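Analysis of the macromolecular model
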Amino acid sequence: MKFLLNLYLSAEAFPGEGFDNEQFLAAAGRAGELISGHVFADPSISAVVRVRDGAVTVTDGPYLQTPDHVAGQYLVDCESREHALELAALISSDRIGGVEVRPLMDSAGMEM
């Protein structure tokens with residue numbers, strides 16, 4: 001099954017700061033479960049594109065005014081949700097607001 005692990009940080013944190021992922025990278029890499037990973041730029045330089053009644057609007061970021069923002073993500077392919085949660089626990093630390101574990105779906109709505 002494929003899972004997206006979204007890493008949330010405090011909005012005050014610098015991009016890439018707070019990740020303590022050496023254990024996660026070692027475990028997921030050794031097992032061949034890590035597909036990819038990305039660290040995101042500061043949300044203040046993002047943009048949101050919306051189309052309403054054919055009109056396109058672009059709004060400069062951040063998208064939401066929240067205490068946390070998605071700061072990075074990993075895509076893993078592992079046996080079960082429980083194992084994906086174990087991998088996420090290797091990333092989580094006092095400085096990370098949380099790690100969301102979300103299964104991916106195919107076009108038919110089935111878990112991949």
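So, here's what we can say about the structure. (Residues numbered from 1 in each chain as written. Predicted model: local features only at pLDDT ≥ 70, side-chain atom pairs only at ≥ 80, totals over all residues. Heavy atoms only, no water.)

Quick notes on the pairing of strand 5 (residues 68–77)
Counted only if it meets this: Two strands are said to pair when DSSP picks up at least two bridges between them. A run of DSSP states H or I qualifies as a helix once it reaches four residues; a run of E qualifies as a strand once it reaches two. Both are numbered from the N-terminal end.
As paired strands, strand 1 (residues 2–10) and strand 5 are joined by nine bridges and run antiparallel to one another. Paired with Tyr-8 across the bridge in strand 5 is Val-70. Both strand 2 (residues 34–39) and strand 5 contribute to a ladder of five bridges, which runs antiparallel. Residue His-38 lies in a different strand from strand 5, and its bridge partner there is Gln-73.

Structural notes on the pattern of salt bridges
What counts, and what does not: Every case where a carboxyl oxygen of Asp or Glu lies within 4 Å of a side-chain nitrogen of Lys or Arg is listed as a salt bridge. Working definition: with a 1.4 Å probe on protein chains only, accessible area under 20% of the residue-type maximum means buried, over 50% means exposed, and in between means partly exposed.
Here the structure, examined in full by the defined rule, presents one salt bridge. Ionic pairing is found between Arg-102 and Glu-100, a salt bridge with its closest N-O pair at 2.6 Å. You can call Glu-100 partly exposed: its relative accessible area is 22%.

Quick word on the packing of aromatic side chains
Rules: By convention, a stacked pair of Phe, Tyr or Trp rings (six-membered ring in the case of Trp) has centres within 6.5 Å and planes under 30 degrees apart, an edge-to-face pair has planes over 60 apart, and any other such pair is tilted.
Counted according to the given criterion, the structure contains one aromatic pair. Look at Phe-24 and Tyr-74: their rings are 4.5 Å apart centre to centre, the planes differ by 45 degrees, and that puts the pair in the tilted class. Here Phe-24, found in helix 1 (residues 22–30), pairs with Tyr-74, found in strand 5; they are 50 residues apart in sequence, far enough to count as distant. In this structure, Phe-24 and Tyr-74 share a single accessibility class: buried.

A closer look at the nonpolar core
Heads up, the condition is: Among buried residues, those of type Ala, Val, Leu, Ile, Met, Phe, Trp, Tyr and Cys that are joined through side-chain atoms within 4.5 Å constitute a nonpolar core.
Counting 12 residues, the largest nonpolar core is built from Phe-3, Leu-5, Leu-7, Phe-24, Ala-27, Ala-28, Tyr-74, Val-76, Cys-78, Ala-84, Leu-87 and Ile-91. When residues of this core are traced back to their parent elements, those giving at least two are strand 1, helix 1, strand 5 and helix 2 (81–91).

Overview of the pairing of strand 4 (residues 55–60)
Within strand 4, only zero of the six residues are buried, which leaves it mostly out in the open. Note: strand 3 (residues 47–52) against strand 4, six bridges, orientation antiparallel. Its bridge partner lying in strand 4, Arg-50 is registered against Thr-57. Adjacent in sequence and paired antiparallel, strand 3 and strand 4 are bridged by two residues, among which Asp-53 carries a positive phi angle near 50 degrees.

Overview of the side chain of Glu-33
We apply this condition: The positive count covers Lys and Arg only, the negative count covers Asp and Glu only, and His and the chain ends enter neither. Definition of a polar contact: a pair of N or O atoms within 3.5 Å, with one able to donate and the other able to accept a hydrogen when the atoms are protein atoms, and with sequence-neighbouring residues admitted only if both atoms are side-chain atoms.
Within the element layout of this structure, Glu-33 appears in the loop between helix 1 and strand 2. No salt bridge is formed by the buried Glu-33, whose closest oppositely charged neighbour, Arg-30, lies at an N-O distance of 8.7 Å. Separated by 3.0 Å, the side chains of Glu-33 and His-83 make a polar contact.

Digging into helix 1
How we decide: Each direction from the helix axis to a C-beta atom contributes to the arc, which is the arc of those directions. In this description, contact between two residues means that some pair of their heavy atoms is separated by no more than 4.5 Å.
Taken together, the buried positions of helix 1 are occupied by Phe-24, Ala-27 and Ala-28. On an axial view of helix 1, the arc spanned by its buried residues comes to 90 degrees, and they lie on one face. Facing away from the buried side of helix 1 by over 90 degrees, the exposed positions are Glu-22 and Arg-30. The secondary structure elements touched by the buried residues of helix 1 are strand 1, strand 2, strand 5 and helix 2. Immediately beyond the C-terminal end of helix 1, within one or two residues, lies Gly-32, with a positive phi of roughly 75 degrees.

Interpretation in functional terms is not warranted from these geometric data alone.
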